[in-house]
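A closer look at the structure
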Amino acid sequence: MDLAQLQALEQRYLMPTYKRGPVEFVRGEGATLWDAEGKAYLDFVTGISVNSVGHCHPAVVEAVREQAERLIHVSNLFYSEPMVRLAERLCESSLGGKAFFTNSGTEANECAIKLVRKHAHGRGIDAPEIVTLERAFHGRTMGSLAATPGMAANPSFAPMLPGFRSVPIDDGGALRAAVGPSTAAVIIEPILGEAGVYPVPDEMLLAAREACDEAGALLVFDEIQTGIGRTGSLWAYEQTPVRPDVMTTAKALGGGLPIGACLASPDVADTFEPGDHGSTFAGSPLAASAALAVLDVVDDPDLLRRVRDLGAGLRQSLEAIDGVREVRGRGLMIGVGLEEGIDAEQMRDRLLEDGLVVNVPERGTLRLLPPLVIGAQEAERATELLARMLAAR
């Protein structure tokens, strides 16, 4: 089936929610994708930070193959060793409490919203409020959508879940003023990914931590995109001056398989009771086995150090390119702000034609999310392609 046939079938049978690039990818290995015509592409999107150990990493493939031959799915009404082992590994590497598994990042955030609301009701708050940051993105289900100010303003999905208020990303005073006796939690992405890769200033994180401590509220970090080594530490919060009470993760966790988790510190870990929350597929033996293999690769001091060093070098090279206004990010989570008048979407499309896959999270910005296992030559090639494309504009 050729691309034109696929496009025709998509128009007939798929809801029109995506603007797809004119490529059908059929194979991947490491940082390389191949289309149906055999053309190779350097992948600097990785499924939006999903294939962080590269496409078809041998350890992940083998873990999935072995588990699929034994048991793919079993109900959460019974024990599953891969799930329990993964919970132990995630909790011991982060907040030290307990985990709830999900199928996606937005589900992990839904779990966090329910958790902090129940915790607030336990403190005698009848109408709990959650404070978020402007330009944040926490997902597309109704609770996560309400926590995403830009999308919550869409009247097509009204009425929204009540109890959310937002403040600017860099106004600690506004955040402190927004947190009060009715606040259940403050939810923050340490780096705003879908907004264009904007690190939240340390002063803002400290303001959130202090305000939550004073009010008895919980601090939640959405590490859906920043976690699992993306910033050069297993968790992005490790490079900040604060530690959250609750944290969510997904995207890179399964190496391509859908799995997420809501992680809670010991003080919050037993908020839920049997029946409060659940999921049919979450934490399956298959997805948990893949995630354990991913952590075997990523939770490595040498690799994480290399992510930091390679990311710093890549950002420095990008900053030197004519047409680049600024470079933001940490580790291998990079936003490239282009100079005024340069069409980022046009650049994205031309780079795709030239064999480099990037995306545009906001007007004027290219986002780079390469595999954490890329080589220096691949990073150099991506920089050269972008420099050549901008020079030819």
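Below, the structure is looked at part by part. Keep in mind that what you see is a predicted model, and the values were worked out from it rather than measured.

**So, the packing of aromatic side chains**
- One pass over the full model with this rule turns up one aromatic pair.
- Judged by centre distance (5.1 Å) and plane angle (85°), the ring pair of F25 and Y41 falls under edge-to-face. Here F25 is found in strand 1 (residues 25-29), whereas its partner Y41 is found in strand 3 (residues 40-43), with 16 residues between them in sequence.
- You can call F25 partly exposed: its relative accessible area is 33%.
- For R135, the ring lying beneath its charged end belongs to Y198, and the centroid distance is 4.7 Å.
- Across from the ring centre of Y198, 4.0 Å away, lies the NZ or CZ of R328, which sits over that ring.

**Observations regarding the side chain of S52**
- Note on placement: S52 falls in the loop between helix 2 (46-49) and helix 3 (58-70).
- Here R230 takes part through its side chain, which lies 3.0 Å from a polar atom of the side chain of S52.

**Quick notes on the sheet that holds strand 14 (residues 333-338)**
- In space, the four strands of this open sheet follow the order 13-14-17-16, with antiparallel pairing throughout. Sheet topology places strand 13 (324-330) and strand 16 (359-362) at the edges, where each strand pairs with a single neighbour. Sheet twist, expressed as the average angle between the axes of neighbouring strands with direction ignored, equals 30°.
- As defined by bridge partners, strand 13 adjoins strand 14 across six bridges and the pair is classed as antiparallel. Bridge pairing in strand 14 places V324 opposite L338.
- On top of the sheet, helix 12 (residues 344-353) reaches strand 14, strand 16 and strand 17 (365-368); it is set at about 45° to strand 17, its chief contact.

**Section: the pairing of strand 10 (residues 218-222)**
- Among the five residues that make up strand 10, five are buried, leaving the element largely enclosed by the rest of the structure.
- The alternating pattern of strand 10 places L218, V220 and D222 and L219 and F221 on opposite faces, both of which are buried.
- Pairing of strand 7 (residues 183-188) with strand 10, which is carried by four bridges, proceeds in the parallel orientation. Paired with I187 across the bridge in strand 10 is V220.
- Sheet analysis places strand 10 next to strand 11 (residues 246-249), joined by three bridges and oriented parallel. In the strand pairing of strand 11, D222 is matched with T248.

**Digging into the packing of helix 4 (residues 81-92) against helix 10 (residues 285-298)**
- Contact geometry of helix 4 with helix 10 gives a least axis separation of 8 Å together with a crossing angle of 35°. For the element pair helix 4 and helix 10, the recorded crossing hand is left-handed. Where helix 4 approaches helix 10, its residues P82, M83, R85, L86, R89 and L90 are matched on the opposing element by P285, A288, S289, A291, L292, L295 and D296.
- Looking at the contact of helix 4 with helix 10 residue by residue, the class counts come to nine nonpolar, one polar and three charged.

**Some points on unusual backbone geometry**
- P159 follows A158 through a cis peptide bond whose omega is 0°.
- The topology assignment puts P159 in the loop between helix 7 (149-152) and strand 6 (164-167).
- Here S49, not a glycine, exhibits a phi torsion of approximately 70°, which is positive.
- By the element assignment, S49 lies in helix 2.
- Even without glycine at this site, K251 takes up a positive phi of about 35°.

**Considering the pattern of salt bridges**
- Inspection of the entire model under this criterion finds 19 salt bridges.
- Its salt-bridge partner being E273, residue K118 comes within 2.9 Å of it at the nearest N-O pair. Taken as a pair, K118 in helix 5 (residues 105-122) and E273 in the loop between strand 12 (260-264) and helix 10 lie far apart in primary sequence, 155 residues in all.
- Among the ionic pairs, R367 bridges to E194, the shortest N-O distance being 2.8 Å. Of this pair, R367 sits in strand 17 while E194 sits in the loop between strand 8 (191-192) and strand 9 (198-199), and the two are 173 residues apart along the sequence.
- The exposure class of R367 is buried, given its relative accessible area of 1%.
- Taking relative accessible area as the criterion, E194 reaches 26% and is therefore assigned partly exposed.
- Salt bridges here are not isolated pairs; linked through shared partners, they connect R135, R325, E326, R328 and E362.

About the criteria used
- Residues numbered from 1 in each chain as written.
- Predicted model: local features only at pLDDT ≥ 70, side-chain atom pairs only at ≥ 80, totals over all residues.
- Heavy atoms only, no water.
- Phe/Tyr/Trp six-rings, centres within 6.5 Å; stacked < 30°, edge-to-face > 60°.
- Helix = DSSP H or I, 4+ residues; strand = E, 2+ residues; numbered from the N terminus.
- Buried < 20%, exposed > 50% of the residue type's maximum accessible area, 1.4 Å probe, protein only.
- Lys NZ or Arg CZ within 6 Å of the ring centre and 35° of its normal.
- Polar contact = N/O pair within 3.5 Å; in protein donor to acceptor, adjacent residues only side chain to side chain.
- Pairing = 2+ DSSP bridges.
- Axes fitted to C-alpha atoms, helices over the stretch in contact; angles between N-to-C directions.
- Contact = heavy atoms within 4.5 Å.
- Left-handed = near helix turned anticlockwise from the far one by under 90°.
- Nonpolar A, V, L, I, M, F, W, Y, C, P; charged D, E, K, R; others polar.
- Salt bridge = Lys/Arg side-chain N within 4 Å of Asp/Glu carboxyl O.

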